[in-house]
Amino acid sequence: MDVEKVFHMTGGVGETSYSRNSSLQKKASDMVKHIILETVEEVYLATKPKSIGIADLGCSSGPNTLSNLKDILDKIESSCRKKLEQPAPEFRVFLNDLPTNDFNAIFQALPEFHQLLKQKRNGHENGGTSNIYIAAYPGSFYGRLFPDHCLHFIYSSYSLHWLSRVPPGLYDEQGNSLNKNSIYISEHSPSEVSKAYFNQFEEDLSLFLHSRSDELVSGGKMVLILLGREGFNHVDRGNAFFWKILYQALKNLTSKGEVEKEKLESYDVHFYAPCKEEIEAAVKVNGCFEVERLETFEIEKAIAKGMSYGTTVAMTVRSIQESMVAHHFGEAIIEELFQEYGRLVDEEMAKEEIRPITFLLLLRKP
């Protein structure tokens with residue numbers, strides 16, 4: 001499966017869209033917003049560029065992208081007024097995601113976004129009205145995207161746990177899956193499976209860091225938010241457990257004859273939840289960046305009005321995974337699959353808490 005051609009969040013603004021089902025990601029961003037804004041202010045005050053380059057990698061198509069951007073622009077403009085007493089710089093903003101992303105949804109929201117910025121600036125004598133140039137950069141961030149040394153700050157939220165591809169090491173020489181009883185790493189997976197996932201993560205992260213090092217100015221910084229796990233054990237009741245539940249939901253549909261057994265046995269996800277030690281080691285070996293912060297946090301379990309926690313999670317996962325699942329199994333199973341998935345999440349939560357963790361990684365280019 002060609003991930004670049006298939007994988008994307010569900011576009012538009014409908015009931016199952018990512019735009020309507022990204023509240024968990026927004027909650028995480030809000031929890032660490034103070035770190036993001038402190039970091040972008042530090043970079044600006046240290047470099048004082050006349051034109052500042054900012055990139056959002058894995059921007060998707062929901063409201064979170066422009067909300068985060070507005071906060072960043074407000075922070076820099078406020079610093080210019082209060083600390084430097086000078087006009088704000090020109091802003092060059094690059095929104096990146098895979099080519100299949102619904103960039104149109106973002107562009108359609110830009111007139112309202114610019115109007116909000118204009119209203120915010122009214123009454124500020126020293127700030128002036130900054131020139132803001134926003135462009136879409138379709139393509140995988142596992143490789144170069146931008147010209148040399150054109151960026152000052154990079155932000156990426158809930159993207160780096162997605163691998164560039166399903167690890168090839170999951171298959172034998174005949175192309176058969178070594179992981180037939182799972183779609184990710186589970187207690188049923190042979191040791192080769194976790195090794196294949198880790199090797200792909202290492203390869204991808206190294207390429208990501210080398211690419212961003214070329215694109216950032218000296219002293220530039222990145223704030224990266226990604227899913228992870230606690231400790232070296234892959235099998236826990238965290239992010240890996242949600243994949244176990246999705247596998248069980250698919251298996252339940254297999255028993256009803258709605259999913260072919262061969263299809264299920266050949267499905268593997270392009271995802272990896274690293275632990276803190278793996279992230280630190282990968283950054284150190286790469287050598288392009290210094291780790292300024294690496295923190296773990298957990299999102300409080302938000303429940304949408306009139307929904308159970310399981311249904312809320314199922315809607316979120318569907319908005320992210322529907323493109324991949326439909327491509328492999330067909331669209332006919334989608335409704336029943338995610339209803340079953342939500343039911344299983346609620347069932348498991350009644351037994352014992354599920355605790356998915358998130359990392360915030362702050363990196364500086366020397």
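- Looking up the protein chain in an unreviewed UniProt entry gives the name Jasmonate O-methyltransferase-like, with the organism given as Nicotiana tabacum.

**A word on the nonpolar core**
Then, number 1: Core analysis: the biggest nonpolar cluster contains 117 residues, and Tyr184, Phe208 and Tyr341 have the highest contact counts within it.
Then, number 2: Look past the residues within four positions of Tyr184 in its chain and what remains in contact with it is Asn179, Ser189, Val193, Tyr197, Ala240, Trp243, Val269, Phe271, Tyr272 and Ala273.

**A closer look at the pattern of salt bridges**
Pairing is possible between side chains that carry opposite charge, provided their charged atoms lie close to one another.
Then, number 1: Tallying each qualifying case throughout the model produces 27 salt bridges.
Then, number 2: When the shortest N-O distance is used, the salt bridge between Arg355 and Glu298 registers 2.9 Å. Of this pair, Arg355 sits in the loop between helix H11 (334-351) and strand S7 (357-364) while Glu298 is found in the loop between strand S6 (290-297) and helix H10 (309-329), placing the two residues 57 residues apart along the sequence.

**Description of the sheet that holds strand S4 (residues 151-157)**
Then, number 1: Ordered in space as S3-S2-S1-S4-S5-S7-S6, the seven strands form an open sheet in which the pairing is mixed. Of all the strands in the sheet, the pair left with one neighbour each is strand S3 (132-138) and S6. Averaged over neighbouring strand pairs, the angle between their axes works out to 15 degrees when direction is ignored.
Then, number 2: In this structure, S4 lies alongside strand S5 (residues 216-228), joined through six bridges in parallel fashion. Counted as the bridge partner of Ser157 is Ile225 from S5.
Then, number 3: Of the strands in this sheet, S5, S6 and S7 are in contact with helix H9 (residues 276-286), which crosses S7 at around 20 degrees.

**Digging into unusual backbone geometry**
Then, number 1: Of note, the phi angle at Lys48 is positive, near 45 degrees, even though the residue is not glycine.
Then, number 2: As for its placement among the helices and strands, Lys48 is situated in the loop between helix H3 (33-47) and strand S1 (51-57).
Then, number 3: On the basis of relative accessible area, Lys48 is assigned to the partly exposed category, the value being 47%.
Then, number 4: One non-glycine residue, Glu85, lies in the positive phi region at around 50 degrees.
Then, number 5: Looking at the secondary structure, you find Glu85 in the loop between helix H4 (64-84) and strand S2 (90-97).

**Details of the packing of H10 against H11**
Helix-helix packing: each pair is described by the crossing angle between the helix axes and the interaxial distance.
Then, number 1: It is the contact of H10 with H11, at a shortest axis distance of 9 Å, that shows an interaxial angle of 140 degrees. One finds that H10 runs oblique with respect to H11. In this structure, H10 crosses over H11, and the sense of that crossing is right-handed. Between H10 and H11, the contacting residues are Tyr309, Gly310, Thr311, Val313, Ala314, Val317, Arg318, Glu322, Val325 and Ala326 on the first element and Ile334, Glu335, Leu337, Phe338, Tyr341, Gly342, Val345, Asp346 and Met349 on the second.

**Let's talk about the side chain of Ser79**
Then, number 1: You can see Ser79 is positioned in helix H4.
Then, number 2: Excluding residues that lie within four positions of it along the chain, Ser79 makes contacts with Glu41, Leu45 and Leu84.

**Re the packing of aromatic side chains**
Then, number 1: Under the criterion given, the structure shown has 15 aromatic pairs.
Then, number 2: Aromatic ring contacts, followed pair by pair, group Phe7, Trp162, Tyr184, Tyr197, Trp243 and Phe271 into a single cluster.
Then, number 3: The ring of Phe208 has Arg212 sitting right over it, with the charged end atom 5.0 Å from the ring centre.

**Here we look at the pairing of S2**
Then, number 1: Across the eight residues of S2, six count as buried, placing the element largely inside the fold.
Then, number 2: With seven bridges connecting them, S1 and S2 associate as parallel partners. Looking at the pairing, Ser51 lines up with Glu90 of S2.
Then, number 3: Regarding topology, H4 serves as the crossover connection from S1 to the parallel S2, and that connection is right-handed.
Then, number 4: Across seven bridges, the pairing between S2 and S3 is parallel. Within the sheet, the bridge partner assigned to Asn96 lies in S3 and is Tyr137.

Quick notes on the rules
Residues numbered from 1 in each chain as written. Predicted model: local features only at pLDDT ≥ 70, side-chain atom pairs only at ≥ 80, totals over all residues. Heavy atoms only, no water. Core = buried A, V, L, I, M, F, W, Y, C linked by side-chain atoms within 4.5 Å. Buried < 20%, exposed > 50% of the residue type's maximum accessible area, 1.4 Å probe, protein only. Contact = heavy atoms within 4.5 Å. Salt bridge = Lys/Arg side-chain N within 4 Å of Asp/Glu carboxyl O. Helix = DSSP H or I, 4+ residues; strand = E, 2+ residues; numbered from the N terminus. Pairing = 2+ DSSP bridges. Axes fitted to C-alpha atoms, helices over the stretch in contact; angles between N-to-C directions. Parallel < 35°, antiparallel > 145°, perpendicular 65-115°, else oblique. Left-handed = near helix turned anticlockwise from the far one by under 90°. Phe/Tyr/Trp six-rings, centres within 6.5 Å; stacked < 30°, edge-to-face > 60°. Lys NZ or Arg CZ within 6 Å of the ring centre and 35° of its normal. Right-handed = clockwise from strand over helix to strand, strands pointing away.

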